[in-house]
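Chain by chain, the residues:
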Amino acid sequence: MAIDSGLASFSETLWTAATGTYLLAVVGYTGEYAFGKTGRIADTSPAVVREPAMAGVSSGGSVAGHGSTGYGSTSTGSPYGAGRVQRGSDASRRWGVAAVAFTILGALFHLASVAIRGIAVDRVPWGNMYEFTLVVALVATLAWLGTLVKMPQLRYLGLFVMMPVLLLMFLAGTFYTKASKLVPALQSYWLAIHVSSIATAEGILLTSAAITAMYLVRSRFERRSAAGITTGRFAGVGSRLPASASLDKAAYRTVAFAFPIYTAGVIFGAIWAEAAWGRYWGWDPKETWAFVAWVVYAMYLHARATAGWKGNRAAFINLFGFAAMTFNFFVVNIVISGLHSYAGLN
Amino acid sequence: MSLLPRPVRTLWRRLTSMRTALVLLFLLALASVPGSLLPQRPLNPTKVDSYLATHGSWGRLLDRIGAFDVFGSIWFSAVYLLLFASLIGCLIPRISVYARALRNKPIKAPRHLDRLAENGELTSELPASEVAARVTRTLRPRWRTIARTEDSGAIAVSAEKGYSREAGNLIFHVSLLVALVLIAGGKLLSYQGSIVTTEGTGFCNRPLSYDAFHSGRWVSPGAIAPLCIDNLNSFTATYRADGSPAEFKADVTYSEGLDGAPRHDVITVNHPLRREGARVYLINHGFSPTVTVTRPGRAPITDTEAFLPADTFYTSEGAFKFAGKDVTANNDIGLSAIFAPTPLISKGVVTSIAPTVSKPVLAVLAYQGLLNPEGAPQSVYTLDPTQIATGELKRVAAKNLSMGQSMALPDGTVVKFTGYKEWATLQVSHDPTQTALLVAAILMVTGLLGSLTVRRRRVWVRITEQPGARTLVSVGGLARNDSGNFPAEFETIVASVQSSLHPGAQPPVASTAEKIGAGRN
Ligand code: HEM
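Residues numbered from 1 in each chain as written. Chains lettered and ligands numbered in written order. Predicted model: local features only at pLDDT ≥ 70, side-chain atom pairs only at ≥ 80, totals over all residues. Heavy atoms only, no water.

- The name given to chain B in an unreviewed UniProt entry is Cytochrome c biogenesis protein ResB, with the source organism recorded as Jatrophihabitans lederbergiae.

- Going by the annotation in an unreviewed UniProt entry, the name recorded for chain A is C-type cytochrome biogenesis protein CcsB, with Jatrophihabitans lederbergiae given as the source organism.

1. What to know about the overall build of chain A
And then number 1: Within chain A, the regular secondary structure consists of 11 helices and zero strands.
And then number 2: In sequence order, the secondary structure elements of chain A are arranged as α-α-α-α-α-α-α-α-α-α-α.
And then number 3: The long-range share in chain A, meaning contacts at least 24 apart out of those at least 6 apart in sequence, stands at 82%.
And then number 4: Entry remark: accessible area of chain A is about 13,500 Å², with carbon and sulfur atoms responsible for 71%. (Helix = DSSP H or I, 4+ residues; strand = E, 2+ residues; numbered from the N terminus. Contact = heavy atoms within 4.5 Å. Areas by Shrake-Rupley, 256 points an atom, 1.4 Å probe, with all protein chains shown as cover.)

2. Quick look at the site of the ligand
And then number 1: Around the ligand lies a shell of 24 residues, among which H302 of chain A together with C90, N169, H173 and S451 of chain B are the nearest.
And then number 2: This site is not confined to one chain, since residues near the ligand come from chains A and B.
And then number 3: Contact distances for the ligand include 2.4 Å between a nitrogen atom and a side-chain N or O atom of H302 of chain A.
And then number 4: In the environment of the ligand, a nitrogen atom lies 2.8 Å from a nitrogen or oxygen atom belonging to the side chain of H173 of chain B.
And then number 5: Only helix 9 (285-303) of chain A together with helix 2 (18-37), helix 4 (74-103), helix 6 (163-189) and helix 8 (434-453) of chain B provide two or more residues apiece to the shell around the ligand.
And then number 6: Broken down by class, the residue content of the shell around the ligand amounts to 15 nonpolar, seven polar and two charged. (Near = heavy atom within 4 Å. Polar contact = N/O pair within 3.5 Å; in protein donor to acceptor, adjacent residues only side chain to side chain. Nonpolar A, V, L, I, M, F, W, Y, C, P; charged D, E, K, R; others polar.)

3. A closer look at helix 2 of chain B
And then number 1: Spanning 20 residues, helix 2 of chain B covers 30 Å between terminal C-alpha atoms, matching the ideal 28 Å at 1.5 Å per step.
And then number 2: By the burial criterion, the buried members of helix 2 of chain B are A21, L22, L24, L25, L28, A29, A31, S32, V33, G35 and S36 of chain B.
And then number 3: The secondary structure elements touched by the buried residues of helix 2 of chain B are helix 9 of chain A together with helix 1 (6-15) and helix 4 of chain B. (Expected span 1.5 Å × (residues − 1). Buried < 20%, exposed > 50% of the residue type's maximum accessible area, 1.4 Å probe, protein only.)

4. Here's the deal with the sheet that holds strand 3 (residues 155-161) of chain B
Residues and elements named next belong to chain B.
And then number 1: Taking strand neighbours across the sheet as the criterion, the five strands line up as 1-23-22-3-2 in an open arrangement whose pairing is antiparallel. In this open sheet, the two strands that pair with only one neighbour each are strand 1 (118-124) and strand 2 (144-149). With strand direction ignored, the average angle separating the axes of adjacent strands in the sheet is 15°.
And then number 2: Looking at chain direction, strand 2 and strand 3 are connected through six bridges and run antiparallel. The residue of strand 3 that forms the bridge with I146 is S158. (Pairing = 2+ DSSP bridges. Axes fitted to C-alpha atoms, helices over the stretch in contact; angles between N-to-C directions.)

5. Things to note about the packing of helix 4 (residues 129-150) of chain A against helix 6 (residues 189-226) of chain A
Residue and element names in this part refer to chain A.
And then number 1: Across the interface, helix 4 lies against helix 6 with an axial gap of 8 Å and an inter-helix angle of 50°. Overall, the two elements helix 4 and helix 6 adopt an arrangement that is oblique. Of the two possible hands of crossing, helix 4 and helix 6 adopt the one that is right-handed. Where helix 4 abuts helix 6, its residues F132, V135, V136, V139, A140 and A143 lie against V195, I198, A199, T200, E202, G203, I204, L206 and T207.
And then number 2: Looking at the contact of helix 4 with helix 6 residue by residue, the class counts come to 11 nonpolar, three polar and one charged. (Parallel < 35°, antiparallel > 145°, perpendicular 65-115°, else oblique. Left-handed = near helix turned anticlockwise from the far one by under 90°.)

6. Some remarks on the coordination of the iron atom of the ligand
By definition of the ideal shapes, a tetrahedral metal site with four donors has angles of 109.5 degrees and an octahedral site with six donors has angles of 90 or 180 degrees.
And then number 1: Note on the iron atom of the ligand: its protein donors are H302 of chain A (NE2) and H173 of chain B (NE2). The metal-donor distances range over 1.9 to 2.0 Å.
And then number 2: If you look at the iron atom of the ligand, its six donor atoms make angles of 78 to 179° with each other, and the shape they trace is octahedral. Here the residue H302 of chain A occupies a position in helix 9, and H173 of chain B occupies one in helix 6, the pair thus bridging two chains. The residues H302 of chain A and H173 of chain B share a single accessibility class, namely buried. (Donors = N, O, S within 2.8 Å, 3.2 Å for Na, K, Ca; no water. Tetrahedral: all angles 85-135°; square planar, octahedral: opposite > 155°, others 65-115°.)

7. Some remarks on the interface of chain B and chain A
And then number 1: With 64 residues of chain B at the interface, the matching set in chain A holds 61 residues.
And then number 2: Taken together, the two surfaces of chain B and chain A that pack against each other cover about 5,200 Å², and 61% of this comes from carbon and sulfur.
And then number 3: Taken together, the connections running from chain B to chain A amount to two salt bridges.
And then number 4: Close ionic contact of R279 of chain B with E274 of chain A constitutes a salt bridge, the shortest N to O distance being 2.8 Å.
And then number 5: Elements supplying a minimum of two residues to the side of chain B that touches chain A: helix 2, strand 1, helix 6, strand 8 (245-256), strand 11 (278-294), strand 21 (414-430), helix 8 and helix 9 (486-500) of chain B.
And then number 6: Counting residues per element, the side of chain B that touches chain A draws most heavily on helix 2 of chain B, which supplies 12 residues.
And then number 7: Here the side of chain B that touches chain A is built from residues that sort into 36 nonpolar, 13 polar and 15 charged. (Buried area = accessible area lost by both parts, 1.4 Å probe. Salt bridge = Lys/Arg side-chain N within 4 Å of Asp/Glu carboxyl O.)

8. Section: the UniProt feature "transmembrane region" (unreviewed entry) in chain A
Residue and element names in this part refer to chain A.
And then number 1: Using the residue numbers shown here, the UniProt feature "transmembrane region" (unreviewed entry) corresponds to residues 95-120, 132-149, 156-177, 189-217, 250-273, 288-303 and 315-336.
And then number 2: A distance of 35 Å separates the end C-alpha atoms of residues 156-177, which is 77% helix and 0% strand.
And then number 3: End-to-end, the C-alpha atoms of residues 189-217 are 43 Å apart, and along that stretch the chain is 100% helix and 0% strand. (UniProt positions renumbered as here; feature names shortened; annotations may be inferred.)

9. Quick word on the pairing of strand 18 (residues 361-369) of chain B
All names here are of chain B.
And then number 1: Counting buried positions over the nine residues of strand 18 gives eight, a clear majority of the element.
And then number 2: Where strand 15 (residues 332-340) meets strand 18, nine bridges bridge the pair, whose relative direction is antiparallel. Paired with A337 across the bridge in strand 18 is V364.
And then number 3: Relative to strand 19 (residues 393-402), strand 18 is paired through nine bridges, and the arrangement is antiparallel. Bridging from a neighbouring strand, V364 pairs with K399 of strand 19.

Printed below as a string of structure tokens:
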């Protein structure tokens, strides 16, 4: 079947629409963030009220001791949102709701763009770097929306997730490759399996890295406010983030979710390499960096279980893992030549 | 262990600690990085040579420390082996601890359940033993439980769940260990040979047949499967209208064993020929032009030579060599040529502008003289440049030939471009550990899923009869590892314990089990 160029250009229009809508969403999240001034005072004092929805058995009344041996530092209650006691002003909420609405609309455009691209070229829509970037951004957006369904109180952090997504949308534009069929090396069902699992893992790990960055800001804020310092760089941001213990846990869970997927994705790649190149592993630069990122995330999981390595150190390892993965995605594709020259950039 | 001298034991404990594992993992990641940034000999020896040529003593230093073969270097192997030892040392005790934990009963209830992260209290009119029985029955299907009578007379039910987390973790690490062994074994037991095969020719799977052959140290000659690609019947490259490749396929006749019947197969890029003991891959392709050389007064000689593609449009370079009668005659003929499948000739320079074939041109530089007086091994793709430099091989004519055209050399020899064939690089690979490695990899992922999704948690219920009052039921819960939604889970546990204490319809408030602060219904 030939390329349907009409559909292909419709898919590109949808990409533009999705990018524009995400831009509006980012404006909305920024608005919510800017107007959401409350919570600061409550945060600086360690006494925290548990949110009813998460309060568990204690909500019925006065059980002595419940929560007194909680998870750590300033948060003694629900794993999420404890650091932010009250919702912001009405204005802030309105901005936030609009932002989520734009995110959903953008995600629909985005999903349609990816799906229609697939129909136009009659294959999976992740055969080159333009398409792959769009898929990673889509996974990250969907992961964010999924998080919102479970933990709507995190909405005001949308700026920190949707900013990187918006960046990916623009980057996809710079990698633009016109709709084309696959070269023989990519004509394999492993393309669907291997690349989709890697893209899913990367989208989720992107979210984890964003949460980890927030964790570092927040834990610094907590350390400083414990020492009585409430000013300084990031203090404004720090005061409005959830408790560091919650962020730490959320970062861990996202990695714990993505790591098996990433592991499977790398193994699928090895199986494909065996069929295409005659060996399952050859230390091609792409393979090497996939290995480095995998080992770093394994370190992260270890660090979380090693005395003296929890907290900030583990957080930095998480960011290193993300850096290795990002390096593999951009630098290895663009600068270093290897067998994986699927990017379509030359 | 205790038999070993103390320093050895200390060292071993250090090596097998979590912290060492962390450091070793870091070293492993770090050691891999130069492998992707510097050219690597096993992947691309020519790039290494040009790096060495341009980087002087720095390059030689890198070479000496093995930076051009990182994954075969001593230090990489050292990290690998230390990690391996650490992993073994860490796993053996953990496996035995786990085996014991499986046999052991859930641990005793702590004294102060109300100090646990999750706790709640209920009361019931039922006697303690009946409450204990009902609590056990409620938890049994999913939890490992045991009821103990404490010194105070209270009954404490201990329940545990999530053993498969540790099982998953152990399965993951053991499979990883096995995978490491298999990968190392694969290195020693595998071989790989590749050969440029022009249509109409074939080869057999023997080390000496190949243009390039690599084998592990433990490959015995008997392990090399008796497989012959008798003939490459045809190689076909198909291109789309926009010039991008659509399909490459090699049509082959092969046979196995000494007198195996000839069979037929089509090898494409993602579909190798898989036979017992060997796999045949299509790796690369190109063109093999044919010339006919007729010396005055002699029978014509026809030769087809594989040319190496120099760009993506298959502008290809190669050479034909026709030795003369004897060395003293000094009349060898050498043709250095460029083949362009779809030529563009500008100012006499031929390049190809498409990978498809359309009025191909062979640009020939003809030489006469001595090709190889010493009979030393030479590249088949070029004439020996030193012979040209010394003037022992002299250029006598040059012409761009279309198919069917010919050129005459000064001595009357006629060189005719008569046609072309296509060639394919076929690669034969064998690694006996692959299937086992795949199984280990699947177990790794399975173990990971168990380990990262299951959480260990414990619940205790202490039932105390109070003289003259209702039976007190205190519940406490603790989640090890990251507890996920344990608070919510605990809440449902308390709720189900509560409802087990008054079977039947929902009782009015404060009938059989009065709520003191637990449950939210
Ligand atoms: C080849 C090197 C290793 C790799 C790639 C590796 C990888 C991993 C990964 C991915 C996890 C998280 C998933 C899980 O819990 O199953 C993990 C957990 C763990 N590893 Fe390793 N590991 C290695 C070596 C070791 C060694 C040498 C030790 C012993 C010191 C060790 C002890 C542990 C422990 C105790 C956990 C559980 C952590 C927890 O409960 O969260 N690992 N490892």
